[in-house]
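Listed below, chain by chain, are the residues.
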Amino acid sequence: MSTATTTAMAYQDRKGILGTLGRDGLLQIILIANTIIMLAPIVIMVFSAFKTTPQIFQSPFGIPDFTQVSNFVKIWTQTNFLRYLVNSFIVTGASMALILTLGTMAAYAIGRYAFTGSNFILMFFLAGLTLPLKLAIIPLFMLMRDLSILNNQLSLIFVYTAMGLPTTVFIMTGFIRTLPNELEDAARMDGASEARIMWSIMLPLVRPAMVIAGIQNVVPIWNDFFFPLVFIQNDDLKTLPQGLTTFMGEYTTDWGVLFSGLTLSAAPIILIYIVLSRQFIAGMTSGAVK
């Protein structure tokens, strides 16, 4: 091999390495910028929770005195924040229990059993992804009124369950279909019932998919403002997004108290995501590994 050829090959290799490093560096810059953009509003919200209203407008990006917790004391003792928080936990918890229970059962039946019409049922669920319930708000309002559950938390639970089932069935069906048939065949040979197979063998394996479905649904349910605004008028039944609007006055607003309420309302979802992040990532990557 000539010296010129060796030099050309070395140049090409170095050029390829530099190109790879350049692309990786650009990707890292984009990811860092995206992280800053995503975290900046959260940081400003938390900082503002420890400031008074004048301090928020005078130095919105300044680091506050974190020992000043008067806003949190005020929102905890002088408002109905605790009631709104409990209502959100009730509505979100009941909705998620129904979504994961019904969605997992439906996905298991569609994904593991071959029967006439299974694909049609799956398409029926998936059609819900293309039809936002907000377009049917007037019929839904009339339906809740006729069922005598208007201004009742059951109306929100039913709507959120219907809204979350399509996503849950879609995620769970695809994951359940990847599980090997030998597992349930071996269990049947040992005399296990179908319910036992689902509960003891299949459900532990689809836990990452359940975490994905849960996070996909819990965030929009917890943050929803539209349906509580339509279905709930009683202040004692309001959820957090709707209840926090009562802190905004017609002429003046205590922004420090409002930001402290926003910080406390965002804390449970952030904590849930941190706790379940490992299983969430495992569920996102398990399909690629399989």
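The protein chain has the name Raffinose/stachyose/melibiose transport system permease protein in an unreviewed UniProt entry, where Devosia subaequoris is given as its organism. In UniProt, the protein chain has this text filed under Sequence similarities (unreviewed entry): "Belongs to the binding-protein-dependent transport system permease family." Taken directly from UniProt, the Subcellular location (unreviewed entry) text for the protein chain runs: "Cell membrane".

Colleague: Looking at this model, I keep getting lost on a nonpolar patch on the surface. Mind explaining?
Modeller: Residues Ile-37, Met-38, Leu-39, Ile-42, Val-43, Ile-270 and Ile-274 make up a contiguous nonpolar surface patch of about 620 Å² in total accessible area. Sorting the residues of the nonpolar patch by element identifies helix H1 (3-49) and helix H13 (255-289) as the ones contributing at least two each. Broken down by element, the nonpolar patch gets its largest block of residues, five residues, from H1. Among the structural elements, Ile-37 can be located in helix H1. A residue is classified by how much of its surface remains accessible, and Ile-37, at 55% relative accessible area, is exposed.

Colleague: Sorry, what's going on with the UniProt feature "transmembrane region" (unreviewed entry) in the protein chain here?
Modeller: UniProt records the feature "transmembrane region" (unreviewed entry) for residues 25-50, 84-108, 120-142, 154-176, 197-219 and 255-276 in the present numbering. End C-alpha to end C-alpha, residues 120-142 measures 29 Å, and it is 61% helix and 0% strand. The distance from the first to the last C-alpha atom of residues 197-219 is 31 Å, and the span holds 96% helix and 0% strand.

Colleague: I'm lost on helix H5 (residues 118-127) in this one. Help?
Modeller: Given 3.6 residues to a turn, an α-helix orients residues that are three or four positions apart in the same direction. Listed in full, the buried residues belonging to H5 are Ser-118, Leu-122, Phe-125 and Leu-126. One side of H5 holds all its buried residues, which, seen down the axis, span an arc of 100°. Residues Phe-120 and Phe-124 are exposed on H5 and point more than 90 degrees away from its buried face. Close packing links the buried residues of H5 with helix H4 (81-112) and helix H7 (153-176).

Colleague: Where do I start with the nonpolar core in this structure?
Modeller: Among soluble globular proteins, nonpolar side chains are generally buried collectively. Within the largest apolar cluster, 27 residues are counted, with the highest numbers of intra-cluster contacts made by Phe-81, Leu-156, Tyr-160, Phe-227, Phe-231, Leu-240 and Phe-247. Listed by contribution, the elements that provide at least two residues to this core are H4, helix H6 (137-146), H7, helix H10 (207-223), helix H11 (226-231), helix H12 (240-244) and H13. Top element by residues in this core is H4. It accounts for six residues. Split by domain, the residues of this core number at least three in each of domain 1 (45-78 + 248-289) and domain 2 (85-233). Those residues in contact with Phe-231 that lie beyond four places of it in its chain are Ile-137, Leu-140, Phe-141, Met-144, Leu-150, Asn-151, Asn-152, Ser-155, Leu-156 and Val-159. Formed by 16 residues, the second largest nonpolar core is a distinct cluster that contains Leu-179, Met-202, Leu-203 and Ile-212.

Colleague: It is not clear to me how unusual backbone geometry should be interpreted in this structure. Could you clarify?
Modeller: Negative phi characterises most residues that are not glycine, and trans characterises most peptide bonds. Phi is positive for Ser-148, close to 60°, though the residue is something other than glycine. Its place among the elements puts Ser-148 in the loop between H6 and H7. In this structure, Asn-151 takes a positive phi of about 60° despite not being glycine. Asn-151 gets classed as partly exposed once you look at its relative accessible area, which sits at 27%.

Parameters and conventions
- Residues numbered from 1 in each chain as written.
- Predicted model: local features only at pLDDT ≥ 70, side-chain atom pairs only at ≥ 80, totals over all residues.
- Heavy atoms only, no water.
- UniProt positions renumbered as here; feature names shortened; annotations may be inferred.
- Patch = residues over 30% accessible without salt bridge, like charges linked within 9 Å, V, L, I, M, F, W, Y side chains within 5 Å.
- Areas by Shrake-Rupley, 256 points an atom, 1.4 Å probe, with all protein chains shown as cover.
- Salt bridge = Lys/Arg side-chain N within 4 Å of Asp/Glu carboxyl O.
- Helix = DSSP H or I, 4+ residues; strand = E, 2+ residues; numbered from the N terminus.
- Buried < 20%, exposed > 50% of the residue type's maximum accessible area, 1.4 Å probe, protein only.
- Arc of directions from axis to C-beta.
- Contact = heavy atoms within 4.5 Å.
- Core = buried A, V, L, I, M, F, W, Y, C linked by side-chain atoms within 4.5 Å.
- Domains from an automatic or database assignment.

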